[in-house]
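Residue-level listing of the chains:
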Amino acid sequence: MTEKIRVRFAPSPTGFLHIGGARTALFNWLYAKHNNGTFILRIEDTDRTRSTDEYIEAIIEGMKWLGLEWDEGPFRQTERFDIYKKYIDKLLETGKAYYCYCSSEDLEERRRLAISTGKPQKYDGRCRHLKEPVKEVNPVVRFKMPHHGQTVVDDLIRGHVVFENEQLDDLIILRSDGTPTYNLTVVVDDVDMKITHVIRGDDHLNNTPRQIQIYEALNYSVPKFAHLPMILGSDKARLSKRHGATSVMAYYEMGYLPDALVNYLVRLGWSYGDQEVFTKEELIQYFSFDHVGSAAAVFNPEKLLWLNSQYIINASNEKLAELVIPFLIKERIISEGESLDKEWLMKAIGTLKERSRTLIELAVSLRYYIAEEVEYDTKAKEKFLNQKSRDLLIDLKEGLASIEDFSHQKLEEIFKAVTEKHGVKLKDLAQPVRVAMTGGTASPGIFELIEIVGKKKTLRRLEKAVKAIEA
RNA sequence: GGUCCCAUCGUCUAGCGGCCUAGGACGCUGGCCUCUCACGCCGGAAACACGGGUUCGAACCCCGUUGGGAUCACCA
């Protein structure tokens, strides 16, 4: 490798880090890591009316949560106006740009006319050859686009994309208030930061020929481009809030693991044979644009949920014990500052991880391990806590009261004695006990459940169940 | 509307001219396991948008059609 790879993620802070932005960031990050390159974070905040510091923080928070650490930055374009000014002056001096005195109202009017008459809506270049400044008008600076020939974008994903230069118009690079615009700042920054590969969303493909012209006017070499396909909602429209959560941090709040989201996002557009689940190391090792598809992809929350369940199953009990705490608090299962015995929690989690698809589900299930009392599901109570099970529960309670060792094996012996005495099957006893212990009909195995809940709470719950039947 | 991009099961995708009576995954579904629920395992339904070429041979290459998307700002 002769040239060190340098890539950047350049969000504009006009919103939270969303799913689409996160995937763009991820592909940049992966490409950098795979090639031992540099990943730069650059905040494109030249639109001062829509950018906020809160959003910058939110984007940073999202990237950190996903584990997409950057090597340089975050740089802010609003702190780099001097640099842009220098380049604009250079373009003005070399005759590659000019002042335009048309007012935005006039422009808007002409655009409307063009649309209504079916003409291409394009700036007509009337100020190109102006000799004298127009008095009392703050001009904008426009870039002088070539009128003939073609501009070719050599895209790593799309291949050769050819644009006719006559389609391009003289875009504004400096506003009348003296601030530079996007097409100028991206080029200047990418040159200045020595970006080798511009990896971004498909929606920028049409801007690329304009940017290439600016590179050439400035006499700089053009970087490589890779335009990623868009992420769509279930109706194939661009992904938006209508389709559900789009903010990355919303997935944190819903109990997703960051690596699961990363894994899901990377498979939206990229593949490696038939493999579905990847470690980060594998992703870095395998990633390449050769296997990035070019069609837009529909975001499928169901599959993300499945992946999350896989990541929960594969996570260590210790890790889950840490991660679940905020959710236990949020679900009001424990109170803030309350601590649980870690070993015990880990054991409980071990019985629940394969039936929890999110950390919220895990926390909610943990309730019947932790809470003093359980509430009965009405249907479960009717079906299993009745005269038929009353004596079974009473005998079981007695049996359990007589032992101190609540090990799986010992519990099984007690259960066996009760079922044999009454001539019933295990399930005839297990289901009523399950309802007594959890309030519902679904739980881990009855012996492991009782073992972890412990003698004191178990006896109390059986007692309560018997009373509920008699009531 | 102009320009550009895209097109394999409902969804994500494998496929880079013969290994394809099209493979995997999610979801759906039948069964097994079983104290319930899950996990897991075995099986099923489900796709090459359409029409022309090129070729001995096309999901794959070319051209149209249709359908989706992006973009046309003193937003990024």
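Here the structure is a predicted model, which is why all the values come from computation and not from measurement.

Caption draft 1: Geometry of unusual backbone geometry. That bond from Gly 73 to Pro 74 is cis: its omega, 5°, falls within 30 degrees of zero. Within the fold, Pro 74 resides in strand S3 (residues 72-76). In this structure, Lys 194 is a non-glycine residue whose phi angle is positive, near 55°. Inspection of the secondary structure assignment puts Lys 194 in the loop between helix H5 (182-192) and strand S9 (197-201). Positive phi outside glycine occurs at Asn 219, with the angle close to 70°.

Caption draft 2: Spatial organisation of the protein's contact with RNA strand B. Lining the immediate surroundings of RNA strand B are 60 residues, of which Arg 175, Gly 269, Glu 354, Arg 355 and Ser 443 lie closest. Between Asp 274 and RNA strand B, the recorded distance is 2.9 Å, taken from a side-chain N or O atom to a base nitrogen. Within the residue set of the surface near RNA strand B, elements represented by two or more residues are helix H4 (104-116), strand S7 (159-164), strand S12 (297-298), helix H10 (301-314), helix H17 (426-438) and helix H18 (446-453). No other element matches H17, which puts five residues into the surface near RNA strand B.

Caption draft 3: The domain arrangement of chain A, seen in detail. On domain assignment, one finds that chain A holds domain 1 (1-73 + 229-314), domain 2 (82-182), domain 3 (315-370) and domain 4 (378-470). Each of domain 1 and domain 2 has a C-alpha centre, and these two points are 33 Å apart. In this assembly, eight residues from domain 1 lie in contact with seven residues from domain 2. A combined buried area of about 640 Å² lies between domain 1 and domain 2, and 58% of that area is made up of carbon and sulfur atoms. A per-residue breakdown of the area domain 1 buries against domain 2 is headed by Thr 46, Phe 289 and Ser 294, which together make up 59% of the total. For the pair domain 1 and domain 2, the number of links is zero salt bridges.

Caption draft 4: Structural view of the sheet that holds strand S8 (residues 172-174). Across the sheet, three strands lie side by side as S4-S5-S8; this open sheet has antiparallel pairing. The outermost strands of the open sheet, each flanked by one partner alone, are strand S4 (97-100) and S8. Across this sheet, the average inter-strand angle for adjacent strands is 45°, counted without regard to direction. With respect to the sheet, helix H3 (residues 81-93) is in contact with S4, strand S5 (140-143) and S8, its orientation differing from that of S4 by roughly 95°.

Caption draft 5: Local environment of the packing of helix H12 (residues 342-352) against H18. Look at H12 against H18: their axes get within 10 Å of each other, and the N-to-C directions meet at 160°. Between H12 and H18, the crossing angle belongs to the class labelled roughly antiparallel. Judged by the sense of rotation from one axis to the other, the crossing of H12 with H18 is left-handed. Counting all contacts with H12, which are made through Trp 344, Lys 347, Ala 348 and Thr 351, the residues of H18 involved are Glu 448, Glu 451 and Ile 452. Considering only residue class, the contact of H12 with H18 consists of three nonpolar, one polar and three charged.

Caption draft 6: The arrangement of the environment of Asp 391 in detail. With respect to the helices, strands and loops of the structure, Asp 391 is situated in helix H15 (residues 387-401). Note on Asp 391: relative accessible area 40%, which makes it partly exposed. Expressed as a C-alpha distance, the spacing of Asp 391 and Val 418, which sit 27 residues apart in the sequence, is 9.7 Å. Looking at Asp 391, its side chain comes within polar contact range of the side chain of Arg 390, at 3.5 Å.

Caption draft 7: Expanded view of helix H1 (residues 19-34). Given a rise of 1.5 Å per residue, 16 residues ought to cover 22 Å, and the 22 Å separating the end C-alpha atoms of H1 matches this to within 8%. With 13 of its 16 residues buried, H1 lies for the most part within the structure.

Caption draft 8: Region of the structure containing the side chain of Thr 419. As for its placement among the helices and strands, Thr 419 is situated in helix H16 (residues 408-422). Among residues more than four places away in sequence, those in contact with Thr 419 are Val 424, Lys 425, Leu 426 and Leu 429.

Caption draft 9: Examining the environment of Arg 128 more closely. Position of Arg 128 among the secondary structure elements: in the loop between H4 and S5. Looking at Arg 128, the relative accessible area reads 15%, which means it is buried. Spatially, the C-alpha atom of Arg 128 lies 6.3 Å from that of Tyr 98, the residues being 30 residues apart in sequence. Setting aside its immediate chain neighbours within four residues, Arg 128 contacts Tyr 98, Lys 144, Met 145, His 147 and Asp 170. Within the local environment of Arg 128, its side chain forms a polar contact with the backbone oxygen of Met 145, the two atoms lying 2.6 Å apart.

Caption draft 10: Geometry of the packing of helix H8 (residues 258-266) against H10. Closest axis-to-axis distance for the H8/H10 pair is 9 Å, and the angle between their directions is 135°. Taken as axis vectors, H8 and H10 run oblique relative to one another. Remark: the crossing between H8 and H10 carries right-handed chirality. The segment H8 lies against H10, with Asp 259, Ala 260, Leu 261, Asn 263 and Tyr 264 engaging Lys 303, Leu 304, Leu 307, Asn 308 and Tyr 311. Across the contact of H8 with H10, the residue classes break down as six nonpolar, two polar and two charged.

Caption draft 11: Layout of the packing of aromatic side chains. As enumerated under the stated definition, the model contains 20 aromatic pairs in all. Measuring from ring centre to ring centre gives 5.9 Å for Tyr 252 and Phe 327, while their planes differ by 55°; the resulting arrangement is tilted. In this pair, Tyr 252 is assigned in helix H7 (residues 248-253) and Phe 327 in helix H11 (residues 317-330), connecting sequence segments 75 residues apart. Using a relative accessible area of 30% as the deciding quantity, one classes Tyr 252 as partly exposed. Overall, the relative accessible area of 1% leaves Phe 327 in the buried class. One Lys or Arg, Lys 464, reaches over the ring of Tyr 376 and ends 4.9 Å from the middle of that ring.

Caption draft 12: Region of the structure containing the side chain of Gln 77. Mapping Gln 77 onto the fold places it in the loop between S3 and H3. By relative accessible area, which is 1% here, Gln 77 ends up buried. Not counting residues up to four positions away in its chain, the partners in contact with Gln 77 are Arg 42, Ile 43, Glu 44, Asp 45, Thr 46, Tyr 84, Thr 185, Val 186 and Asp 189.

Here is what the cut-offs are and how they apply
- Residues numbered from 1 in each chain as written.
- Chains lettered and ligands numbered in written order.
- Predicted model: local features only at pLDDT ≥ 70, side-chain atom pairs only at ≥ 80, totals over all residues.
- Heavy atoms only, no water.
- Helix = DSSP H or I, 4+ residues; strand = E, 2+ residues; numbered from the N terminus.
- Near = heavy atom within 4 Å.
- Polar contact = N/O pair within 3.5 Å; in protein donor to acceptor, adjacent residues only side chain to side chain.
- Domains from an automatic or database assignment.
- Contact = heavy atoms within 4.5 Å.
- Buried area = accessible area lost by both parts, 1.4 Å probe.
- Salt bridge = Lys/Arg side-chain N within 4 Å of Asp/Glu carboxyl O.
- Pairing = 2+ DSSP bridges.
- Axes fitted to C-alpha atoms, helices over the stretch in contact; angles between N-to-C directions.
- Parallel < 35°, antiparallel > 145°, perpendicular 65-115°, else oblique.
- Left-handed = near helix turned anticlockwise from the far one by under 90°.
- Nonpolar A, V, L, I, M, F, W, Y, C, P; charged D, E, K, R; others polar.
- Buried < 20%, exposed > 50% of the residue type's maximum accessible area, 1.4 Å probe, protein only.
- Expected span 1.5 Å × (residues − 1).
- Phe/Tyr/Trp six-rings, centres within 6.5 Å; stacked < 30°, edge-to-face > 60°.
- Lys NZ or Arg CZ within 6 Å of the ring centre and 35° of its normal.

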